[in-house]
Amino acid sequence: MRWNDLFADLEAQLEFGRWQSAEQDAAELTRGMWAELSLMDRLRGALGQQVRVVLQDGRIQVLQLRSVGPTWVGGHAESGAVLISRDAILGVEGHLQRATVPSRPLQAGPSMASIYRSLGRRREALQVLGRHGDVVAEGTIDRVGKDHFDVAMHARDEFRRAAVVQGVRVVPFEAVLLVRASPMSLNDM
């Protein structure tokens, strides 16, 4: 009788050891998978959700996530559509437990330059905030280079016409904290 109890106890300990080992293996695999994820992958997993983005200037931008590219996020805020560069993000608060990893690089979305070109083609009036939160430019994007874009300076509530353009400002991509545009500007990006 005591031998049966001893063998049953040893068998239970062996089974518990196997279960513990399996749990440790699963935890290690999960850590390894999370180690391969980028912030953009996690934000892609939160599309459609509201997040709070902490920006370099300390402000918090509440955003309904609509688009995530390889180096940018876009969404809707109270002020309209907002486009934020990955470099301008200090932190994100929200439910980022899921991740979506694109199977091919092109599925990650267009580049920042492509987004700026698209806004320029549409003659979208926008506001560009610099890294310190100040308005760097307001108007319409005329041209986009490899690492900068030209903004024809005019009020956002006016159409771009030669008579209202007050000048052209060249803005380097890395100087941009965020870009504000109309709510419709992110619908097809």
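Predicted, not measured: the structure shown is a model, and the values here were computed from it.

Topic: unusual backbone geometry
1) Next: Even without being a glycine, Arg123 presents a positive backbone phi close to 60°.
2) Next: With respect to the helices, strands and loops of the structure, Arg123 is situated in the loop between helix H3 (112-121) and strand E6 (125-130).

A short note on the environment of Asp147
1) Next: Position of Asp147 among the secondary structure elements: in the loop between strand E7 (135-144) and strand E8 (148-153).
2) Next: Sequence separation between Asp147 and Glu174 is 27 residues; the distance between their C-alpha atoms is 7.9 Å.
3) Next: Discounting chain neighbours no more than four positions away, the residues touching Asp147 are Val171, Pro172, Phe173 and Glu174.
4) Next: Among the polar contacts made by the side chain of Asp147, one reaches the side chain of His148 at a distance of 3.0 Å.

Some words on the packing of aromatic side chains
Two aromatic rings are characterised by how far apart their centres lie and by the angle between their planes.
1) Next: Scanning the entire structure with this criterion turns up 3 aromatic pairs.
2) Next: Between Tyr116 and Phe149, the ring centres sit 4.4 Å apart and the planes meet at 45°, which makes this aromatic pair tilted. Taken together, the residues Tyr116 in helix H3 and Phe149 in strand E8 connect sequence positions 33 residues apart.
3) Next: Judged by relative accessible area, Tyr116 falls into the buried class, the value being 1%.
4) Next: Ring geometry for Phe149 against Phe173: centres 6.1 Å apart, planes inclined by 35°, an arrangement best described as tilted.

Some points on the pairing of E6
Note on strand geometry: in a regular strand, side chains alternate between the two faces of the sheet.
1) Next: Among the 6 residues of E6, 6 are classified as buried, and the element is accordingly described as predominantly covered.
2) Next: Across 5 bridges, the pairing between E6 and E7 is antiparallel. Looking across to E7, one finds that Leu126 is bridged to Gly139.
3) Next: Where E6 and strand E10 (residues 176-181) come together, 4 bridges link them in antiparallel fashion. Counted as the bridge partner of Gln127 is Arg180 from E10.

Overview of the pattern of salt bridges
1) Next: Tallying each qualifying case throughout the model produces 6 salt bridges.
2) Next: We note a salt bridge from Arg44 to Asp41, for which the minimum N-O separation is 2.8 Å. Residue Arg44 and its partner Asp41 are located together in helix H2 (residues 39-44), separated by 3 residues, close to a single helical turn.
3) Next: The class for Arg44 is buried, based on a relative accessible area of 11%.
4) Next: One salt bridge connects Arg160 with Asp142, and the closest N-O pair in it is separated by 3.0 Å. You can see Arg160 sitting in the loop between E8 and strand E9 (168-172) and its partner Asp142 sitting in strand E7, a full 18 residues away along the chain.
5) Next: Judged by its relative accessible area of 32%, Arg160 is partly exposed.

Quick word on the nonpolar core
1) Next: Residues Leu83, Tyr116, Val128, Ile141 and Phe149 are the most contacted members of the largest nonpolar core, which totals 20 residues.
2) Next: The set of elements that each furnish at least two residues to this core consists of H3, E6, E7, E8 and E10.
3) Next: Sort the elements by how many residues they give to this core and H3 lands first, with 5 residues.
4) Next: If we skip the residues at most four places from it in the chain, Leu83 touches Trp72, Val73, Gly74, Met112, Ile115, Tyr116, Leu119, Leu178 and Val179.
5) Next: Among the nonpolar cores identified, the runner-up in size contains 19 residues, and Leu55, Leu65, Val82 and Leu178 belong to it.

Conventions we followed
Residues numbered from 1 in each chain as written. Predicted model: local features only at pLDDT ≥ 70, side-chain atom pairs only at ≥ 80, totals over all residues. Heavy atoms only, no water. Helix = DSSP H or I, 4+ residues; strand = E, 2+ residues; numbered from the N terminus. Contact = heavy atoms within 4.5 Å. Polar contact = N/O pair within 3.5 Å; in protein donor to acceptor, adjacent residues only side chain to side chain. Phe/Tyr/Trp six-rings, centres within 6.5 Å; stacked < 30°, edge-to-face > 60°. Buried < 20%, exposed > 50% of the residue type's maximum accessible area, 1.4 Å probe, protein only. Pairing = 2+ DSSP bridges. Salt bridge = Lys/Arg side-chain N within 4 Å of Asp/Glu carboxyl O. Core = buried A, V, L, I, M, F, W, Y, C linked by side-chain atoms within 4.5 Å.

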